[in-house]
Amino acid sequence: MAKYKCPTLGDCDNANSGVAFERSPGEDVKCPKCDTPMELQAGGQARPGGSKKNAVIVAVAGALVLAAGAGGYWYVKRPVTAALAMIEAAPAVVEAVQKVADYSKDAALAPSDEATKALRIEGDQKLASGDAAGAETASSKAAANEMLKAAISKMAQGKLEEAEKELGEARLRDPHNVLVSYNVAILRLKQSRTDDALAEFETSFKDGFQYFDQMGQDRDLDTLRKDKRFQDLLSRYQPQKS
């Protein structure tokens, strides 16, 4: 059996702890915690047909590098090792590359790693100064950001029920997070619940949404842009360019 580790340090408890998972040929090699394709560790058992697999890996890695150029999230750092994990986990290379592109598109309105890290630091500082309430608030917001990123990943994979659970947990921890409300709206669009989506967009806008330029590039909104109700929302909340 081969050993795999999650590569998403800072965003996944499994990656942070360095725990290794053993997988047999054909078994799912995604991280049980964050669903990221895991990396094969040095010393992993070789599989029959290695030369053929190496040729496929090179081809897939090339495709993934192109996808990374468009903003791929996981594969920018480790295109070759990610390609190996994908070959173990998914039979359709084209489908896997498309998932990267979809994730990149949605991730434009995800919280940044820097923002989440800053919240963790703020929580530690407030705890050290004796501000327990402030520390709890900052930690809850950091947790909400992590759950939001997980939800976006689930949506990119078409796992809408799992995404909804993550978004619900994120909202409990940070009720006025504008990106949570925004992505709940995106989820509602994917569920063909347009009225609910519009209500979530308005909630996000009222709470101080400031990502209108990025929103203009989000293809999930293409079916809504000509809706008069959505246009009215934009006219009320989107700052006018001078």
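Rules and cut-offs
- Residues numbered from 1 in each chain as written.
- Predicted model: local features only at pLDDT ≥ 70, side-chain atom pairs only at ≥ 80, totals over all residues.
- Heavy atoms only, no water.
- Pairing = 2+ DSSP bridges.
- Helix = DSSP H or I, 4+ residues; strand = E, 2+ residues; numbered from the N terminus.
- Phe/Tyr/Trp six-rings, centres within 6.5 Å; stacked < 30°, edge-to-face > 60°.
- Buried < 20%, exposed > 50% of the residue type's maximum accessible area, 1.4 Å probe, protein only.
- Axes fitted to C-alpha atoms, helices over the stretch in contact; angles between N-to-C directions.
- Parallel < 35°, antiparallel > 145°, perpendicular 65-115°, else oblique.
- Left-handed = near helix turned anticlockwise from the far one by under 90°.
- Contact = heavy atoms within 4.5 Å.
- Nonpolar A, V, L, I, M, F, W, Y, C, P; charged D, E, K, R; others polar.
- Expected span 1.5 Å × (residues − 1).
- Arc of directions from axis to C-beta.
- Polar contact = N/O pair within 3.5 Å; in protein donor to acceptor, adjacent residues only side chain to side chain.

1. With respect to the sheet that holds strand 1 (residues 2–5)
If you trace the 3 strands from one edge of the open sheet to the other, you get 2-1-3, paired in antiparallel fashion. Single-partner strands in this sheet number two, and they are strand 2 (20–23) and strand 3 (39–40). Bridging between strand 1 and strand 2 involves 4 bridges; their strand directions are antiparallel. Considered in strand 2, the bridge of Ala2 is made with Arg23.

2. Quick look at the packing of aromatic side chains
Enumeration over the complete set of coordinates arrives at 9 aromatic pairs. Geometrically, the ring pair formed by Tyr182 and Phe201 is edge-to-face, given 5.5 Å between the ring centres and 70 degrees between the ring planes. Residue Tyr182 is located in helix 8 (residues 178–190), and its partner Phe201 is located in helix 9 (residues 194–206); the two are separated by 19 residues in the primary sequence. Given a relative accessible area of 0%, Tyr182 falls into the buried group. A relative accessible area of 0% means that Phe201 is categorised as buried. Note on Phe205 and Phe209: the rings are 5.4 Å apart at their centroids and 55 degrees apart in plane angle, and the pair reads as tilted. Look at Phe205 and you get buried, because its relative accessible area is 5%.

3. Let's talk about the packing of helix 7 (residues 160–173) against helix 8
Interaxial distance between helix 7 and helix 8 falls to 10 Å at its minimum, and their mutual angle equals 155 degrees. With respect to each other, helix 7 and helix 8 are oriented roughly antiparallel. Handedness of the helix 7/helix 8 crossing: left-handed. Contact with helix 7, carried on its side by Leu160, Glu164, Leu167, Ala170 and Arg171, involves Val180, Ser181, Asn183, Val184, Leu187, Arg188 and Lys190 of helix 8 and no other residues of that element. A breakdown of the residues in the contact of helix 7 with helix 8 according to their chemical character gives 6 nonpolar, 2 polar and 4 charged.

4. A short note on helix 9
With 13 residues, helix 9 extends 18 Å from end C-alpha to end C-alpha; this agrees with the ideal 18 Å at 1.5 Å per step. Phi for Gly208, located one or two positions after helix 9, is positive at around 110 degrees.

5. Description of helix 11 (residues 228–237)
The set of residues buried in helix 11 consists of Phe230, Leu233 and Leu234. Seen end-on, helix 11 carries its buried residues on one side only, within an arc spanning 95 degrees. Within helix 11, the exposed residues directed more than 90 degrees away from the buried face are Lys228, Ser235 and Arg236. Considering only its buried residues, helix 11 is in contact with helix 9 and helix 10 (212–215). Two or three places before Arg229, at the start of helix 11, stands the capping residue Asp227, its side-chain oxygen 2.8 Å from that residue's backbone nitrogen.

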